[in-house]
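Working through the structure, step by step
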Amino acid sequence: MKLAIIGGGSSYSPELLDGLFARIDQIPVSEVWLMDPDEKRLEINAAFARRMIRHRGVPCSIHVTTRLEEALKEARYAITQIRVGQMAARIADEKLGLKYGIVGQETTGLGGFACALRTIPRILEIAHLMEEVAPDAFLINFTNPAGINTEAVIKHSKIRTVGLCNVPIGMIMDASKHLNYDPAGVTMDYVGLNHLSWVRHFYYKGEDVTDAVLEKFIEHARLEWEEEDTRNNMIEAIRRLGMFCNYYLQYYYSTDTALRTIQHKTKTRGEEVLEVENALFAKYQDESLSEKPEELSKRGGAHYSTAAFHLVEAIENNRQSRQVVCCRNNGAVPTFDDDVAVEVSAIIGKDGAKAIQQQAPAPSIRGLMQLVKAYESLTVEAAVKGDRDAAYEAMLLHPLMPNAGLCTKLLDELLEINAPWLQGTFF
Ligand code: G6P
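Residues numbered from 1 in each chain as written. Predicted model: local features only at pLDDT ≥ 70, side-chain atom pairs only at ≥ 80, totals over all residues. Heavy atoms only, no water.

Another aspect to go through is the site of the ligand. For the ligand, the set of nearby residues contains 14 residues, the closest of which are Asn144, Asn166, Arg269, Arg299 and Gly300. Interatomic distance of 2.8 Å between a side-chain N/O atom of Asn144 and an oxygen atom of the ligand. One of the side-chain N or O atoms of Asn166 is found 2.7 Å from an oxygen atom in the ligand. Out of a free accessible area of 390 Å², the ligand has 87% covered by protein chains. Partitioning the shell around the ligand into residue classes produces 5 nonpolar, 5 polar and 4 charged. (Near = heavy atom within 4 Å. Polar contact = N/O pair within 3.5 Å; in protein donor to acceptor, adjacent residues only side chain to side chain. Areas by Shrake-Rupley, 256 points an atom, 1.4 Å probe, with all protein chains shown as cover. Nonpolar A, V, L, I, M, F, W, Y, C, P; charged D, E, K, R; others polar.)

What follows is the structure in structure tokens.
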């Protein structure tokens, strides 16, 4: 069975492969294809992966290619972890945000918007090529902004897709650690969008343990939100809503303090990640290294491979198990369109993910969810059609964007900076 990793030159690839090799008896992948335009990184990751294989005695081969078609042809799974414009584009988004005094974060607000405009055409190129060379394959998307990219594939391709994020599984792992639970016994009543979600209830082996889990999360909130004022606002929101709040909700519930934290840093997160990556690739080249290094934990992708291969294993073995993923709504969250991407519990089996019918979100969370969903859907439309008006409307709607006049100026600037990746659209 062939697995393609698109963006195989990423510093996350060893994390992903480590998770695959640990479960190879349940997921019979015999060939992994790493595809990336960066040949140097590809070779480093491939050599490291081969050492991991030798060390573990895993029956799997590693192939590299810079050609998308070669990677995708007859693949059973394609995992996308691409970064269009590489880290430099993420840093440019962050700096544009700083210039306009707004959040320019990788997935939320301006940064997520710019990243989506750059990325959607490439994700759709992958999906459309899969329709030709691997029509029965699953596209598993980690590429940020994961919810928006997943919605683009849902709406504009026939390929079966599931969007993934490490946040939901991270919540299960943290709750289990704090309360000494077996993670397999924890389920969540989880509703929202990618990076905009709430947990209304936690259950352990069928028993409602929400109060105990929330108290533990509040006790350990420092691990989630380092900065005190932001943390206090998040604790306030968690207590008043009686729900656990996704880490990324800080940009909405504590906008001023989250922005202040970004503004006071000497480096943007993208600049920090560049340094972490340089150190990681130096490590990956060490011929004595055959297991993923500790330094990988300096990236934000904890549990990344667990999420990926829980999902693949459940599809492959038709488990009909419950996992939180980003998928087509299909009526599961009342008041949202069928064809939008939502992040909810779904049943995972041989046909992919089927969202489980949800209780309607209360107005206290539904309002923000509707607003951001409308922004996301307009962003998909803007990217697919190269439509400036849709792009402007998306910005105007987003609560973290500037005033109407500045949105026009910012959009012009953003499109000019990103022109190399927009391939003539919008102009
Ligand atoms: C979390 C998020 C991911 C994001 C990552 C950023 O894991 O869920 O969507 O990509 O953080 O990590 P980085 O090391 O790139 O800042």
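Here the narrative resumes.
Attention now goes to unusual backbone geometry. Note the cis peptide between Asn144 and Pro145, where omega equals -10 degrees. Positionally, Pro145 belongs in the loop between strand 5 (138–141) and helix 6 (146–156). Residues other than glycine seldom take positive phi values, yet Thr335 does so here, at roughly 80 degrees. With respect to the helices and strands, Thr335 occurs in the loop between strand 11 (321–328) and strand 12 (341–349). (Helix = DSSP H or I, 4+ residues; strand = E, 2+ residues; numbered from the N terminus.)

Every other side chain in a regular strand lies on the same face of the sheet, so the side chains alternate between the two faces. Of all 9 residues making up strand 8 (residues 196–204), 7 are buried, and the element is well covered by its neighbours. Hairpin connection of strand 7 (residues 186–193) to strand 8: 2 residues between the antiparallel strands, including His195 at a positive phi of 60 degrees. The pairing of strand 8 with strand 10 (residues 244–245) spans 2 bridges and is antiparallel. Opposite Trp198, over in strand 10, you have Cys245 as the bridge partner. (Buried < 20%, exposed > 50% of the residue type's maximum accessible area, 1.4 Å probe, protein only. Pairing = 2+ DSSP bridges.)

As a further point, take empty space enclosed by the protein. Tallying each qualifying case throughout the model produces 2 cavities of 30 Å³ or more. The computed volume of the largest cavity comes to approximately 120 Å³. Looking at the largest cavity, it is lined by 14 residues, and the ones nearest its centre are Thr107, Thr108, Asn194, His195 and Glu376. Secondary structure elements with two or more residues in the lining of the largest cavity: helix 6 and helix 15 (363–385). Residues belonging to the lining of the largest cavity are distributed by class as follows: 7 nonpolar, 6 polar and 1 charged. Estimates place the volume of the second largest cavity at around 50 Å³. Around the second largest cavity, the lining residues are Arg83, Val84, Gln86, Arg90, Asp93, Glu106, Cys115 and Arg118. Across the lining of the second largest cavity, the residue classes tally to 2 nonpolar, 1 polar and 5 charged. (1 Å grid on protein atoms, 1.4 Å probe; cavity = no way out; pocket = protein on both sides within 12 Å on 5 of 7 lines; lining within 4 Å. Points joined across faces, edges and corners; volume = space filled by probe spheres on them.)

A word on helix 10 (residues 228–241). Compared with an ideal rise of 1.5 Å per residue, which puts 14 residues at 20 Å, helix 10 spans 20 Å between its outermost C-alpha atoms and is within 8% of the ideal. All of the buried residues in helix 10 are Thr230, Arg231, Met234, Ile235, Ala237 and Ile238. One side of helix 10 carries all its buried residues, which in axial view fall inside an arc of 160 degrees. Those residues of helix 10 hidden inside the fold are in contact with helix 8 (210–219), helix 9 (221–224), strand 10, helix 11 (250–253) and helix 12 (255–264). Immediately beyond the C-terminal end of helix 10, within one or two residues, lies Gly242, with a positive phi of roughly 70 degrees. (Expected span 1.5 Å × (residues − 1). Arc of directions from axis to C-beta. Contact = heavy atoms within 4.5 Å.)

The next thing to look at is the packing of aromatic side chains. Under the criterion given, the structure shown has 12 aromatic pairs. Note on Tyr12 and Tyr304: the rings are 5.0 Å apart at their centroids and 65 degrees apart in plane angle, and the pair reads as edge-to-face. Taken together, the positions of Tyr12 in the loop between strand 1 (2–6) and helix 1 (13–22) and Tyr304 in helix 14 (residues 304–316) put the pair 292 residues apart, joining distant regions of the chain. For the pair formed by Tyr12 and Tyr304, the shared burial category is buried. Residues Tyr77 and Phe138 carry aromatic rings whose centres are separated by 5.8 Å and whose planes lie at 20 degrees to one another, so their mutual orientation is stacked. Residue Tyr77 is located in strand 4 (residues 77–80), and its partner Phe138 is located in strand 5; the two are separated by 61 residues in the primary sequence. Judged by its relative accessible area of 0%, Phe138 is buried. Taken together through their ring pairs, the aromatic side chains of Phe202, Phe217, Trp225 and Phe244 make up a single cluster. The ring of Trp33 has Lys2 sitting right over it, with the charged end atom 4.6 Å from the ring centre. Of note, Arg299 hangs over the ring of Tyr12, and the distance from its end group to the ring centre comes to 4.3 Å. (Phe/Tyr/Trp six-rings, centres within 6.5 Å; stacked < 30°, edge-to-face > 60°. Lys NZ or Arg CZ within 6 Å of the ring centre and 35° of its normal.)

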